[in-house]
Amino acid sequence: MLHVFEVYVKTDKQNLPGWSGEVKTGIGACVTRKEDARLLSGHAKFVGDLKFPRLLEAAYVRSPLAHGHLKSVTIPEEYKNKVFTAWDLAEVLPIRPESTLPGYKASEQYPLAKDKVRFVGECIAICVAPTRAEAEDIAEQVVVDIDPLPPLVNASDAKSHDAPRLHEDWDDNLFLTTAFDGDLAFAEKNATVVIEREYKTARQCMNPLEGKGTLSYWDEKAGQLVVYTSTQVPHLIRTGIAQHLQMDQGQVRVIAPDVGGGFGYKCVLQPEELSVSWVARKLKRPVRWVEDRREHLVAGANTRQHHYTLKAYADDRGKLLGIDAEITVDVGAYSVWPFTACLEAAQAGGNLPGPYALEGYRCKTYSVATNKPGFTPYRGVARPGVCFAMELTIDAIARAVDREPADVRRENLVPGSAMPYTNVTGKFYDSGDYQRSVSEATQAIGLEAFRERQKEARVHGRFLGLGFGTFTEQSAHGTKVFASWGLPLVPGYEQAMVKLTPSGSVEIRSGNHSFGQGLETAIGQVASEWLTVDISKISVLMGDTGMTPYSTGAYASRGMVMAGGAVSKAAEELATRIKIHASHLLQCKAEDVILKDGEAWSGVASVDFADIARAWYLRPDQLDEEVDTAGLEVTQGYKPDIDTGVFTYATHAAVVEVDPDTGQVSFEDYYVFEDCGRRVNPLILEGQTYGGAAQGIGTALFEEVLYDPSGQPLTSTLADYVLPGAAELPHFRLEHTETLSPYTRHGIKGVGEGAAIAPSGAVLNAINDALEPLGVEINELPATPHKILSAIMVANSPE
Amino acid sequence: MKPVDFQFTQPATLAEATQMLRDTNEEIKIMSGGQSLGPMLNLRLARPEKIVSVSGLSELREVNQGEDFIEFGAALRHAEFEDGALLEPISGMMRHVASGIAYRAVRNRGTIGGSLCHADPAADWITALTALGASVRIVSAQGDTRDIDMTRFMHGAYRTEVNSDEILKSVILPRYSSSAVWGYYKTCRKVGEFADAIAAWVADREKRYSRVVFGSTAGAPIVSVLLGRQIAVTGEVPSNEVIKAELARLAPDLDPVKQHLLIVSLQRCTKQALNHD
């Protein structure tokens, strides 16, 4: 009946010696999410729900122009102590993320603009009043005088040498240029097919249900600035606020309450967190700001925009021999802290080859400064762009050699037999069978039958198409990888605390955070697994820097691997200690104790956890003299055996019908075959996949921030920025396999971001497959009906 | 995104409401379902000093009928039409149009009169009611009423015949015979969004009525007498070329994609209507 693994074995759980059954709420169990009880019944507490006496609400005066010199800010006399500008915040340091990457140029972003404004929506002044409406009334009375400068609205213009400078002390508008200079000689010599394409992805907003929100107050007793903020990374924000407000970190406590979605939007230090905190400290009153949707759609238009020129070399079977690419990222005005403006391009250049076994690779990346909000990593970081470019290229090659795209794709993927595999850019693919994911998808869709139907449908003027998108996603990459990106902050060991409470229940404290992705439940399951305690007796506290051990937070699909791993390690150690304590009460040797259903057993004798806890906390007189004094509270640090990350992969397959008269795309089928290692909670994982795929379909078909030539955003409401709704999404079919990572606890891999990566590749390939007879190929996101219809009309026009 | 300070009033009767519009220098906005005005207030695009809510006025929620007409109160909600709770001047069309407006949450509050007065060119009722040959009844601050035909109601995008001291009281629709046919087709980017193109065709042989209307153009809906007559005579879906020529004549400034979508919408709605037969 041995349940606890004496030695951690890196293999499938079922193969462990002595493993005898499931803990009902342990790893692999379909536990419904604990947090949903409050999240779905209106009992959650978001920043907007907090109540404080004498609370002031903040509104911002934001820049109405994309680019200009800020000459003056005039505040009516009556509002003098209610409006604050950069001149008031003189002691606050600008956000100036450094990077060690050669050639990187740092930008300075003042939390309230000083001297210059660089995008529409940049904060200029903060106004406070008892209600938000009154604060907005005040904001309207503040007059800003801006000398307009020519705006840099697109990256290609901003890149040119004679473009005006966004940052005066730079000699161009490039945050960074990188080059991967592989050898293309073989490809150039042997290619029989050369494909040249230009691809574009749109600028997007991430649109979490809850936008940003932050509330700060000065706690006299603790001598601390307490900051409630809607963030994925509370410990990082504590560091960021302390650094920029020039305070000791002991004087800052950051609490992330319930957070209504993050997607990366909330993994960076927000300028508003600094200005709200400064005002709260200055006035000694609680101050809150909650981002509204218009602020989000204007000042949060900060992600996804790439431009590719790409040349692919292949042989006459479609075997990919080389890629020569240039990637331009429209980074916006400022570097974000701590991930900088260059994470996107670094990831794009490194990940373009994706899951393919490619030998020849050359890639230049440009991170271009423009008059838009500063680029922020969004679910999938760069990979939705590179996957889109790569997947469309694979299909273009398949068409050029007149073969089935699924076959060309599969043959080009890294084969399972080659694992672990180091790819052309040095990525270490830890495990998996990428080719199988395509085979499974091909089978699930019914490729041959589909081709028949497609042919038949064309006779009747109907245009069906099938497209695939395959990706591999680096998740939970660690110390060395982040260090190689030159970032100012690098994640190391993730810590977690697991404790037996005096009543024998279990408490977990993690500095990571759960903002909708289900981590609260999933890390509870890990503890449940080790301690054999039902999850209903496990409470989880996250996000409060005053109560939790340090974690750099939730990003890079690291939560489950890292926080799960740390909880696993701490729970394992706690199990050992529980057994030692139990051995005193059971009068046996610790090694003879086993844990089962929340009780410690030796032979036929047992003692439950409540008795063990009571003895330690309340009746130590019952314990032997030589009791283990380390206690029943354990904090452990964890990172995987490798820093290079563990790679989740999947193939998405979409079947669409395109209405050639309206350009409308409808889904007939959508299938996902995914492998993210050990599934800690299959239900949560399905939810993650559906959600990610829905966002990916938003990228593929709907979402796009548009600007006029002066840099004014044209999509500042949800009537103009179109998100997919339930009616626009397919019925997703989902299957999994589990290739455990050899390098992480329980073989877990990250899963949070993956599903957002492949849809634009799969969907656009399907559209292009459908429209092939019309001679139409769409290489630009989103594929709106207008874009598709225009392309069809151009193809049909006689000239 | 909070509105400017305003006074919110809920008159108990239509007379009380018109009284409020009389002899005042205040900037007043009339609110019905609030589904467009609400967001405009929050965006501070609308900055009234006072809002007069008419959604609770019983006079604006009545349905009256005569031998050849039905009069619907302006504050009747889209959902009430959708659910078939009201009399139908023509079988199924009002229900169909109502069910396609935005989302159910919007339909639960939004009203037919509110939608007309807001006069978004891409909204449904503006086009559908023009096709149905409806008129609207407007009450002045002095309590006088006047009826305006839908073809003269909308002056342009967000501009109508209703003056700032007037209230739209009701919509009057002619009754159609049981042999009447209709088609209504719109293209939108997603369910619930405003349309990119709308076409409607309503015909009743007994009344010698046939009207084609294009909606979601830059301004008021476009009525085509010629196409209405042609479809009635031939009983066939008009060709691309014919519709294109007519649109080029009626609305020469349309961009090619919009024009194409209007052509397709008319063809599809006519096909729909002819199959109803």
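Residues numbered from 1 in each chain as written. Chains lettered and ligands numbered in written order. Predicted model: local features only at pLDDT ≥ 70, side-chain atom pairs only at ≥ 80, totals over all residues. Heavy atoms only, no water.

Asker: Any chance you could explain the domain arrangement of chain A here in plain terms?
Answerer: One frequent convention defines the size of an interface as the accessible area lost when the parts assemble. All names here are of chain A. In terms of domain boundaries, chain A breaks down into domain 1 (6–30 + 493–638), domain 2 (56–150) and domain 3 (381–480 + 642–792). Each of domain 1 and domain 3 has a C-alpha centre, and these two points are 39 Å apart. Each partner contributes to the interface: domain 1 provides 29 residues, whereas domain 3 provides 26 residues. For the pair domain 1 and domain 3, the number of links is one salt bridge. Between Arg-745 and Glu-572 there is a salt bridge whose closest N-O contact spans 2.7 Å. (Domains from an automatic or database assignment. Contact = heavy atoms within 4.5 Å. Salt bridge = Lys/Arg side-chain N within 4 Å of Asp/Glu carboxyl O.)

Asker: Please explain the side chain of A:Asp769 as it appears in this structure.
Answerer: All names here are of chain A. Residue placement: Asp-769 occurs in helix H18 (residues 759–771). With a relative accessible area of 10%, Asp-769 lands in the buried category. A polar atom in the side chain of Asp-769 sits 2.9 Å from the side chain of Arg-451. Within the structure, Asp-769 has its side chain in polar contact with the side chain of Gln-454 (distance 3.0 Å). In this structure Asp-769 touches Phe-450, Arg-451, Gln-454, Arg-458, Leu-464, Gly-465 and Leu-466, once residues within four positions along its chain are discounted. (Helix = DSSP H or I, 4+ residues; strand = E, 2+ residues; numbered from the N terminus. Buried < 20%, exposed > 50% of the residue type's maximum accessible area, 1.4 Å probe, protein only. Polar contact = N/O pair within 3.5 Å; in protein donor to acceptor, adjacent residues only side chain to side chain.)

Asker: Please explain the sheet that holds strand S12 (residues 197–204) of chain B as it appears in this structure.
Answerer: Either a parallel or an antiparallel arrangement is found when strands of a sheet pair, and the pairing is made through backbone hydrogen bonds. All names here are of chain B. Here we have four strands laid out as an open sheet, ordered S11-S12-S13-S14, and antiparallel in their pairing. Both outer strands of the open sheet, strand S11 (181–187) and strand S14 (222–224), are each paired with one neighbouring strand and no more. Averaged over all pairs of adjacent strands, the angle between strand axes in this sheet comes to 15°, irrespective of strand direction. Here S12 pairs with strand S13 (residues 209–215) via seven bridges, running antiparallel. Bridge pairing in S13 places Ala-199 opposite Phe-214. Set on the sheet, helix H7 (residues 124–131) makes contact with S11, S12, S13 and S14; between it and S13 the angle comes to about 160°. Taken strand by strand, helix H9 (residues 225–234) contacts S12, S13 and S14, and its axis lies near 130° from that of S13. (Pairing = 2+ DSSP bridges. Axes fitted to C-alpha atoms, helices over the stretch in contact; angles between N-to-C directions.)

Asker: Explanation requested: the interface of chain A and chain B in the structure shown.
Answerer: With 29 residues of chain A in contact, the opposing surface of chain B contributes 20 residues. Counting each side, the surface lost to burial between chain A and chain B is near 2,000 Å², with a carbon and sulfur contribution of 52%. The three residues of chain A that bury the most area against chain B are A:Glu140, A:Arg294 and A:Met793, which together make up 21% of that side's buried surface. The tally of links from chain A across to chain B stands at six salt bridges. Here A:Asp661 and B:Arg268 are joined by a salt bridge, their closest N and O atoms 3.7 Å apart. Summed over the shared surface of chain A and chain B, the number is 14 residue pairs in polar contact (both at pLDDT 80 or more). Class assignment for the residues of the side of chain A that touches chain B results in twelve nonpolar, seven polar and ten charged. (Buried area = accessible area lost by both parts, 1.4 Å probe. Nonpolar A, V, L, I, M, F, W, Y, C, P; charged D, E, K, R; others polar.)

Asker: Just to check I follow, could you spell out the sheet that holds strand S27 (residues 665–675) of chain A for this structure?
Answerer: All names here are of chain A. Strands sit in the order S18-S26-S27-S28 across an open sheet of four strands; the sheet is mixed. If you trace the sheet from one side to the other, it starts and ends with strand S18 (463–475) and strand S28 (732–737), each paired once. When the angles between neighbouring strand axes are averaged without regard to direction, this sheet yields 15°. Inspection of the sheet shows strand S26 (residues 646–658) paired to S27 by ten bridges, in the antiparallel sense.

Asker: Where do I start with the packing of aromatic side chains in this structure?
Answerer: Two measures describe an aromatic ring pair: the distance that separates the ring centres and the angle between the ring planes. Scanning all chains against the criterion turns up 23 aromatic pairs over all chains. Between A:Tyr60 and A:Trp289 the ring centres are 5.5 Å apart and the planes differ by 85°, which places this aromatic pair in the edge-to-face class. Here A:Tyr60 is found in strand S1 (residues 56–62), whereas its partner A:Trp289 is found in strand S12 (residues 287–290), with 229 residues between them in sequence. A:Trp289 shares its class with A:Tyr60; the two are buried. Each ring, one from A:Trp170 and one from A:Phe175, has its centre 4.8 Å from the other, and the planes form 80°; the classification is edge-to-face. Of note, A:Lys639 hangs over the ring of A:Tyr493, and the distance from its end group to the ring centre comes to 5.1 Å. Across the ring face of B:Tyr176, the terminal group of B:Lys207 is positioned such that the distance to the ring centre comes to 5.3 Å. (Phe/Tyr/Trp six-rings, centres within 6.5 Å; stacked < 30°, edge-to-face > 60°. Lys NZ or Arg CZ within 6 Å of the ring centre and 35° of its normal.)

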